[in-house]
Amino acid sequence: MPFPAQELLRCPVCSGPWAASPDGAGGRSLVCASGHRFDAARQGYVNFLTGRGTRFVPDTAEMVAARERFLGAGYYAPIAQAVADAAAPALSGPGGPTDDGAGARRALSPAVLDAGAGTGYYLGAVLARSPGASAVALDLSRHALARAAKLPRTAAVVWDLWRDLPLPDRSVDVVLDVFAPRNLREYARVLRPRGVLCIVTPRPEHLAGLRDLLPMLDVPAGKAEGVARAAEQDFEAGYRRAIEFPLVLDRDAAADLALMGPAGHHTERAVLLAKLPAGPLETEGAVELSVLRRR
């Protein structure tokens, strides 16, 4: 059985296509035509960050566990539903043609890239709405990708989003970027013509009630407008949608929410819990979904 969605990947060393898997590899290895080999971990993800690695720090096992608990409780379900709604039309038909790396052209199934996928929570909502699609989940954290690798038809790959993405030109119909770094030029390269980019950014009021209590980053105004300006060379504006929903959190859920973000790199759970009152905390989720179309 081949590695999932391997047709959506290219060798990160030479950008070449994949050769047949070695005898006995059982779909756990990717070997390119030049002989560069990448073996999947037993959890199903593959690490393409060889050699010098990356200067960025991946999410830890504790941060990922906090994220899985928080998202699994459904607090951010309105965001996942909106992203799935935005992606579904572009994934409803056959995928466009792509170059197989050897000059041949062939049609692929509808495909989606989740850039900064984490545990694959939002990607899972998209694939549930579009069961014929294949996917690539990119993230720095192997702990997160061990979860994302469980999604159907999904290649989970450890990668730094600021590098050239290990996907061929015009290979996907949708790119998701939910609270993640935005490599817009690379997104434009890997999207098929008229492909869709879905970006979720926080608004200034997002989690404002919680930021007063916990060490969480402030959100500057105008993030969605900044995305539109940065993307205008390669993308046409589609639509923007404000997503607002109340959140009522107990102390554990509030601590998880803080730990799954940057605070998780330098703050202990006990310290966060000590800052929180005993009763439920009321705050608001407030994000902007920007849907852009590749020119």
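Analysis parameters
- Residues numbered from 1 in each chain as written.
- Predicted model: local features only at pLDDT ≥ 70, side-chain atom pairs only at ≥ 80, totals over all residues.
- Heavy atoms only, no water.
- Helix = DSSP H or I, 4+ residues; strand = E, 2+ residues; numbered from the N terminus.
- Rg over C-alpha atoms; globule rule 2.2 N^0.38 Å.
- Contact = heavy atoms within 4.5 Å.
- Areas by Shrake-Rupley, 256 points an atom, 1.4 Å probe, with all protein chains shown as cover.
- Lys, Arg positive; Asp, Glu negative; His and termini not counted.
- Charge placed at Lys NZ, Arg CZ, Asp CG, Glu CD.
- Core = buried A, V, L, I, M, F, W, Y, C linked by side-chain atoms within 4.5 Å.
- Buried < 20%, exposed > 50% of the residue type's maximum accessible area, 1.4 Å probe, protein only.
- Expected span 1.5 Å × (residues − 1).
- Arc of directions from axis to C-beta.

Observations regarding the overall build of the protein chain
1) Next: Helix and strand content of the protein chain: 9 helices and 12 strands.
2) Next: Against the 2.2 N^0.38 benchmark of 19 Å for 295 residues, the protein chain shows a C-alpha radius of gyration of 19 Å, consistent with a compact globule.
3) Next: Seen along its three principal axes, the alpha-carbon backbone of the protein chain occupies a region of about 60 × 40 × 30 Å.
4) Next: By sequence separation, contacts in the protein chain at least 24 residues apart represent 64% of the contacts at least 6 residues apart.
5) Next: By element, 52% of the accessible surface of the protein chain is carried by carbon and sulfur atoms, the whole surface being about 13100 Å².
6) Next: One finds the centroid of the 34 positive side-chain charges in the protein chain at a distance of 4 Å from the centroid of its 32 negative side-chain charges.

Considerations on the nonpolar core
1) Next: In terms of nonpolar packing, the biggest core is built from 98 residues, with Y76 and L210 touching the most fellow members.
2) Next: Among the elements that make up this core, the one with the highest residue count is helix α2 (residues 77–87) (7 residues).
3) Next: Among residues more than four places away in sequence, those in contact with Y76 are F70, L71, Y121, Y122, F179, H206, L207, F245, L247, L257 and M260.

Examining unusual backbone geometry
1) Next: Its identity is not glycine, yet R170 carries a phi of approximately 50 degrees, on the positive side.
2) Next: Here R170 lies in the loop between β8 (154–158) and β9 (172–178).
3) Next: Judged by relative accessible area, R170 falls into the partly exposed class, the value being 34%.
4) Next: Of note in this structure, L207 is not a glycine but carries a positive phi near 60 degrees.
5) Next: By secondary structure assignment, the location of L207 is in the loop between β10 (191–202) and α6 (208–211).

Points about helix α1 (residues 61–72)
1) Next: Between the first and last C-alpha of α1 there are 16 Å, a value that for 12 residues agrees with the 16 Å anticipated at 1.5 Å per step.
2) Next: Listed as buried for α1 are M63, V64, A66, R67, F70 and L71. Relative to the axis of α1, the buried residues are bounded by an arc of 160 degrees and lie together on one face. α1 presents E62 and G72 as exposed residues on the side facing more than 90 degrees away from its buried surface.
3) Next: Contact partners of the buried residues in α1: α3 (121–129), α4 (142–148), β11 (235–249) and α8 (251–259).

Here's the deal with helix α7 (residues 223–231)
1) Next: Of all the positions in α7, only A224, V227 and A231 are classed as buried. Viewed along the axis of α7, the buried residues span an arc of 55 degrees, placing them on a single side of the element. Across α7 from its buried face, at more than 90 degrees, point the exposed residues R229 and A230.
2) Next: Lining the buried residues of α7 we find α5 (184–190), β10, β11 and β12 (281–294).

Taken by themselves, the reported measurements are silent on function.
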